[in-house]
Amino acid sequence: MDGFTLKHVYEAQQFDKELLDIVFQTADEMKADLASGDRRFSQSLQNSIMASLFYEPSTRTRFSFESAMTRLGGKIITTENAREFSSAAKGESLYDSTRIMNGYADVIVMRHHEAGSAKKAADVSNIPVINAGDGAGQHPTQALLDMYTILDCLGKIDGLNIAMVGDLKYGRTVRSLAYLLAKYTDVKIHFISPPVCRMDDDIKEYLERNRVAWQEEESVDAILPKVDCVYMTRVQKERFNDPSDYENAAGRFILTPEKVSVMKAGAIIMHPLPRVDEIPPEVDDDPRARYFEQAQNGLYIRMALLYLLLG
Ligand code: CP
C-alpha cells in the first residue's frame, strides 16, 4: 500500500499515526476477507518465503505469523527452538545467521533473548526483519495488535485511561504499547507493579517528552473503577536473576471476578498471554474480557504486516 515506508519492524517508535492507520486498515481488509470467504489475498505472497527464527518459546506470535504467511499463500522455513537446534548452539553469531537467512528467505521473523537483537539483525539484513520479541526490550507487533484491539473494542485511543499491571520491567509488550499510546492525545497511563518490576525510566521520560500523563500506583483496587482498559501482564520468571525477587513479585496482582465487578461496564480487560494466575479462568466469560479476541487480532495484524512489507 502507498505510504507504508518501513523496510523492517524492530521497535514501536518506528510507527507514526499515518503508518498505524495503514496497518489497521490493511488488518481490517484481511479480517473481512477471511470472514467473507472471498480469499482475495490467498495468493498474494505465493512467491515469498518467511524464515521463522525463534530463540525463545512462543505460542501466539509464532503460530499467528506462520498462519498469516500461509493464509497469504507464502511458505515458511523454521526450526524448533533456534537457540538449541540452529547453529547458534555451536556459537554462530546473530550476524552470520542473519546473512545466511538472506539467501534463503524473503523475510525474517525473529524472537531473541537479547534486547536490541532485532535492530542488530535489521542493520545487516537486505530482507525485512520483524521483531517478534527481543528479551526485555520490545514486542512491536504485539503492541500493534493491542492498539488494534483497543480501537476495535472502544472506538478510540484519544482520552483513554489505561492501567498497566504486573511486570512492567521485563514485560516487553507494555514497553512497546506505551510508545504507541504516546502517539495519541489525552491518554493517561497508570503503572501498577511490585516494586522490583517498575516501569523503566526510559519509557517514563519518553512519555513525559510526548506529554502523556502517567502515574505509578501501589494498589490496583482504587484504579479499577476509573479505567477504560486494564492491561494485565505475567511476572516473567525467566528474566529474574534473583529467585527471591521473583517470589516477592509473583502473585501480587490477581484480577478476581470480585475486582472485575467494580470496573466500568464498557471497560475492557486485556492480556498479551500467556497468563499464569493474573486472570483466573472464571473471568473469561465476563463481557469485558477481550484477551482471546486480542490474540485472534494478531493474525490480522501479522497478515497486514507481511503483506505491506512483501506484497
Ligand atoms: N503474546 C505473546 O507474545 O505470546 P507468545 O509468547 O505465546 O508468542
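Residues numbered from 1 in each chain as written. Predicted model: local features only at pLDDT ≥ 70, side-chain atom pairs only at ≥ 80, totals over all residues. Heavy atoms only, no water.

*Asks:* So what exactly am I meant to see when it comes to the sheet that holds strand E5 (residues 161–165) here?
*Replies:* By definition, the strands of a sheet pair up through backbone hydrogen bonds, in either a parallel or an antiparallel sense. Strand order in this open sheet of five strands is E7-E6-E5-E8-E9, and the pairing throughout is parallel. A single partner strand is all that each edge strand has here, and the edge strands are strand E7 (213–217) and strand E9 (268–270). Between one strand and the next, the sheet's axes are offset by a mean angle of 20°, whatever the strand orientation. In this sheet, strand E8 (residues 229–232) lies alongside E5 in parallel orientation, the contact comprising four bridges. In the strand pairing of E8, Val165 is matched with Met232. (Pairing = 2+ DSSP bridges. Helix = DSSP H or I, 4+ residues; strand = E, 2+ residues; numbered from the N terminus. Axes fitted to C-alpha atoms, helices over the stretch in contact; angles between N-to-C directions.)

*Asks:* Got a minute to help me understand the site of the ligand in this structure?
*Replies:* The local shell around the ligand consists of Ser58, Thr59, Arg60, Thr61, Arg111, His139, Gln142, Pro272 and Leu273. Thr59 is positioned such that a nitrogen or oxygen atom in its backbone is 2.7 Å from an oxygen atom of the ligand. Contacts to the ligand include Thr61, whose side-chain N or O atom sits 2.6 Å from an oxygen atom. Calculation on the ligand without its partners gives an accessible area of 260 Å², and the protein chains cover 92% of this total. (Near = heavy atom within 4 Å. Polar contact = N/O pair within 3.5 Å; in protein donor to acceptor, adjacent residues only side chain to side chain. Areas by Shrake-Rupley, 256 points an atom, 1.4 Å probe, with all protein chains shown as cover.)

*Asks:* Can you walk me through the pattern of salt bridges in this structure?
*Replies:* Side chains that carry opposite charge are capable of pairing whenever their charged atoms lie near each other. One pass over the structure, following the stated rule, counts 18 salt bridges. The shortest N-O distance in the salt bridge between Arg275 and Asp284 comes to 2.8 Å. Asp286 is the salt-bridge partner of Arg288, the closest N and O atoms lying 2.9 Å from each other. Residue class for Arg288 comes out buried when judged on its relative accessible area of 12%. (Salt bridge = Lys/Arg side-chain N within 4 Å of Asp/Glu carboxyl O. Buried < 20%, exposed > 50% of the residue type's maximum accessible area, 1.4 Å probe, protein only.)

*Asks:* How should the packing of aromatic side chains be read in this particular structure?
*Replies:* We describe a pair of aromatic rings using the distance from one ring centre to the other and the angle between the two ring planes. In the structure shown here, the tally under the stated rule is seven aromatic pairs. Taking the centre distance of 5.9 Å and the plane angle of 40° together, the rings of Phe191 and Trp214 count as tilted. Of this pair, Phe191 sits in strand E6 (residues 188–192) while Trp214 sits in strand E7, placing them 23 residues apart in sequence. Owing to a relative accessible area of 24%, Trp214 belongs among the partly exposed residues under this scheme. A ring pair is formed by Phe240 and Tyr246, whose centres lie 5.7 Å apart and whose planes are at 70°; its orientation type is edge-to-face. Cluster of aromatic residues (ring-pair linked, three or more members): Tyr170, Phe240 and Tyr246. Across from the ring centre of Tyr170, 5.8 Å away, lies the NZ or CZ of Lys169, which sits over that ring. (Phe/Tyr/Trp six-rings, centres within 6.5 Å; stacked < 30°, edge-to-face > 60°. Lys NZ or Arg CZ within 6 Å of the ring centre and 35° of its normal.)

*Asks:* Where do I start with the domain arrangement of the protein in this structure?
*Replies:* Its domain assignment divides the protein into domain 1 (12–138 + 296–310) and domain 2 (140–295). One C-alpha centre belongs to domain 1, the other to domain 2, and the line joining them spans 24 Å. If you look at the interface, domain 1 gives 31 residues, while domain 2 gives 29 residues. Note on domain 1 versus domain 2: buried area summed over both sides is about 2,600 Å², and carbon and sulfur give 58% of it. Looking at the side of domain 1 facing domain 2, the largest losses of area belong to Phe24, Arg60 and Asn297, adding up to 23% of the total buried there. Where domain 1 touches domain 2, the interface holds three salt bridges. Here Glu56 and Arg172 are joined by a salt bridge, their closest N and O atoms 3.2 Å apart. In this structure, the connection of domain 1 to domain 2 is made through 17 residue pairs in polar contact (both at pLDDT 80 or more). Of all elements in the fold, only helix H1 (17–36), helix H2 (60–71), strand E3 (107–112), strand E4 (129–134) and helix H11 (291–310) reach the threshold of two or more residues within the side of domain 1 that touches domain 2. Per element, the largest residue contribution to the side of domain 1 that touches domain 2 is seven residues, and it comes from H11. (Domains from an automatic or database assignment. Contact = heavy atoms within 4.5 Å. Buried area = accessible area lost by both parts, 1.4 Å probe.)

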